[in-house]
Amino acid sequence: MKRVKSAEVLATHTRQLFNQAVERAAALLRAGEVVALPTETVYGLAANALNDKAVARIFEIKGRPSHNPIIVHVASLAMARECVRDWPEIATNLARAFWPGPLTMVLPRSNQIPDIVTASGVTVGVRWPSHPFIQSLIRECGFPLAAPSANRSNNLSPTNPDHVFKSLGDRIPLIVDGGQSQIGIESTVIDLTVDPRRVLRPGMIHDIALIAVTGALAGLSTANERTLKSPGLLQKHYSPKAKVAVLEWNNDSELLAETARLNVASQKIHILAHTHIPSASDYGRISVIPHDAEAFARAFYAELHQCDEEGAQVIVVEKLPETSEWSGIADRLKRAAATEF
Ligand code: TXA
Ligand code: MG
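Note that the structure is a prediction, hence the values are computed from the model and not measured. (Residues numbered from 1 in each chain as written. Chains lettered and ligands numbered in written order. Predicted model: local features only at pLDDT ≥ 70, side-chain atom pairs only at ≥ 80, totals over all residues. Heavy atoms only, no water.)

On to the overall build of the protein chain, then. The helix and strand tally for the protein chain stands at twelve helices and 14 strands. The globule rule puts the C-alpha radius of gyration for 341 residues at 20 Å, and the 20 Å found for the protein chain is close to it. Overall size of the protein chain, expressed as C-alpha extent along the three principal axes, is 60 × 50 × 35 Å. For the protein chain, with 341 residues in total, the buried portion stands at 55%. (Helix = DSSP H or I, 4+ residues; strand = E, 2+ residues; numbered from the N terminus. Rg over C-alpha atoms; globule rule 2.2 N^0.38 Å. Buried < 20%, exposed > 50% of the residue type's maximum accessible area, 1.4 Å probe, protein only.)

Here is the structure:
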């Protein structure tokens, strides 16, 4: 593994800094290097999607299994169409409704996409992200960018440049700082190659919004089916180091009774609450995240990263509402809580 001393971190909060970061990132990408950059969902680890050696570096740096395909990021419909063999009308309709934005469409791949990107599969996931930095960078490069989340395989996705630095800072030359990710969880992945269409990974663009455009969707597939289709959906993904427990309580004494059953010192228990906020207690940390799906998604991974950072043994998350708006977050929470106690 090629190691660099430590990644350069470039700010983008003035026009001049933004343009300089685009130039620097584009130069590295043209040279076949990888770069960590902001998207509106989570930070991505990008390489030229048309350069198989560059994409191979992503797998090496992340420790990603070669059977897990990578999403290709574009900055126009024309570029999206070049990545795929056919472009159904439904893709035009979905793009009109949700692009640029947190939606990945799985379509038959074109010949210009190297095998390594699709894990030798016949489909490719394509997304036009809305973050201004990645859009400018793709336009500057003129080629699409293959980019998984910028974390080591099996770790939590990063939602700010610090998270990326801690996970990959000694393995990559550049991290572009585009601030806190606005959406905060990964894109919705929809498979358009099956009938009816099927959501492979829920996200903030939820079923009700999709159905308004696509008509019927297949019911959520079983965990096994989805893992075969989309290996990144293995249960172990999206987990913090600490164990995660989802609990329900109406007041402090109910919470106390529930957490007592965990058999963990209370200082090692961190609470993430959105509705029933515990009052002062012996817990290691109490975080309040708003009872609002968009605000919750934006803060969720950063809170989990913070609990890990502070040495939490168990993260207790207050049970989430069961409506569509929360389904993407509920999916990640379920995975995070999948580890046995
Ligand atoms: O929001 C996102 O999607 C972020 C940002 C960086 O764009 N990317 C991301 O990539 O989350 P990654 O690699 O961490 O997750 C991509 C998921 C994986 O579960 C992978 O298996 C699935 O999408 N995927 C990619 N291409 C696919 C394909 N052709 N067919 C089925 N699943 C695919
Ligand atoms: Mg990932």
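Turning our attention to the side chain of Asn151. By secondary structure assignment, the location of Asn151 is in the loop between β7 (145–146) and α7 (161–168). Separated by 2.6 Å, the side chains of Asn151 and Ser149 make a polar contact. Setting aside residues no more than four positions away along its own chain, Asn151 makes contact with Lys62, Leu156, Ser157, Pro158, Ser167 and Leu168. (Polar contact = N/O pair within 3.5 Å; in protein donor to acceptor, adjacent residues only side chain to side chain. Contact = heavy atoms within 4.5 Å.)

Attention now goes to the domain arrangement of the protein chain. Assigned domains of the protein chain: these are domain 1 (8–218) and domain 2 (243–336). Once you take the C-alpha centre of each, domain 1 and domain 2 turn out to be 29 Å apart. Of the residues lining the interface, 21 residues belong to domain 1; the matching set on domain 2 comes to 16 residues. With both chains or domains summed, domain 1 and domain 2 bury close to 1500 Å², and 61% of this area falls on carbon and sulfur atoms. Three residues stand out in domain 1 for area buried against domain 2, namely Leu156, Ile185 and Met204, and they jointly supply 34% of the buried area on that side. Joining domain 1 to domain 2, the criterion identifies two salt bridges. Put simply, Glu186 and Arg332 hold a salt bridge, and the shortest N to O gap is 2.8 Å. At the boundary of domain 1 and domain 2, one finds seven residue pairs in polar contact (both at pLDDT 80 or more). The class makeup of the residues in the side of domain 1 that touches domain 2 is eight nonpolar, ten polar and three charged. (Domains from an automatic or database assignment. Buried area = accessible area lost by both parts, 1.4 Å probe. Salt bridge = Lys/Arg side-chain N within 4 Å of Asp/Glu carboxyl O. Nonpolar A, V, L, I, M, F, W, Y, C, P; charged D, E, K, R; others polar.)

Turning our attention to the packing of aromatic side chains. Summed over the entire model, instances satisfying the criterion amount to five aromatic pairs. An aromatic cluster is present here, built from Phe296, Phe300, Tyr301 and Trp326 joined pairwise through their rings. (Phe/Tyr/Trp six-rings, centres within 6.5 Å; stacked < 30°, edge-to-face > 60°.)

If you trace the four strands from one edge of the open sheet to the other, you get β11-β14-β12-β13, paired in parallel fashion. With partners counted over all chains shown, the strands left at the sheet margins are β11 (243–247) and β13 (285–288), one partner each. Along the sheet, successive strands turn relative to each other by an average axial angle of 20 degrees, direction set aside. Bridge analysis of β11 against strand β14 (residues 314–318) gives five bridges, and the strand direction is parallel. Directly across from Val246, in β14, lies its bridge partner Val317. Each of β12 (269–273), β13 and β14 is contacted by helix α11 (residues 293–309), which is oriented at about 175 degrees to β12, the strand it contacts most. (Pairing = 2+ DSSP bridges. Axes fitted to C-alpha atoms, helices over the stretch in contact; angles between N-to-C directions.)

On the secondary structure map, Ser157 appears in the loop between β7 and α7. Side chain to side chain, Ser157 and Glu186 meet in a polar contact 2.6 Å long. With sequence-adjacent residues up to four places away left out, Ser157 is seen in contact with Val42, Ser149, Asn151, Glu186, Tyr301 and His305.

Next up on the list: helix α1 (residues 15–30). Residue pairs spaced three or four apart in an α-helix point in one direction, given the helix's 3.6 residues per turn. Its 16 residues give α1 an end-to-end C-alpha distance of 22 Å, which sits within 8% of 22 Å, the value for a rise of 1.5 Å per residue. Along α1, the residues classified as buried are Phe18, Ala21, Val22, Ala25, Ala26, Leu28 and Leu29. Down the axis of α1, the buried set is contained in an arc of 160 degrees. They therefore lie on one face. Residues of α1 that are exposed and angled more than 90 degrees away from the buried face: Gln16 and Glu23. Here the buried face of α1 lies against β1 (8–11), β2 (35–37), β3 (44–48), α6 (132–141), β7 and β8 (174–177). (Expected span 1.5 Å × (residues − 1). Arc of directions from axis to C-beta.)

Across the five residues of β14, five count as buried, placing the element largely inside the fold. Of the two faces of β14, both are covered, the one formed by Val314, Val316 and Glu318 as well as the one formed by Ile315 and Val317. As paired elements, β12 and β14 share four bridges and run parallel to each other. Counted as the bridge partner of Ile271 is Val316 from β14.

What follows covers the nonpolar core. Formed by 68 residues in total, the largest nonpolar core has its most connected members in Met105, Leu137 and Ile172. Residues Ile185, Phe300, Tyr301 and Cys307 belong to the second largest nonpolar core, which totals 25 residues. (Core = buried A, V, L, I, M, F, W, Y, C linked by side-chain atoms within 4.5 Å.)

The subject of this paragraph is a nonpolar patch on the surface. A cluster of nonpolar side chains, Ile277, Ile286 and Val288, forms an exposed patch at the surface whose accessible area comes to about 230 Å². Note on placement: Ile277 falls in the loop between β12 and β13. (Patch = residues over 30% accessible without salt bridge, like charges linked within 9 Å, V, L, I, M, F, W, Y side chains within 5 Å. Areas by Shrake-Rupley, 256 points an atom, 1.4 Å probe, with all protein chains shown as cover.)

Once that is clear, we can look at the pattern of salt bridges. Under the criterion given, the structure shown has 15 salt bridges. Arg57 is the salt-bridge partner of Glu33, the closest N and O atoms lying 3.8 Å from each other. Remark: Arg57 occurs in helix α2 (residues 52–62) and Glu33 occurs in the loop between α1 and β2; sequence separation between them is 24 residues. An identical accessibility class is assigned to Glu33 and Arg57; each is buried.

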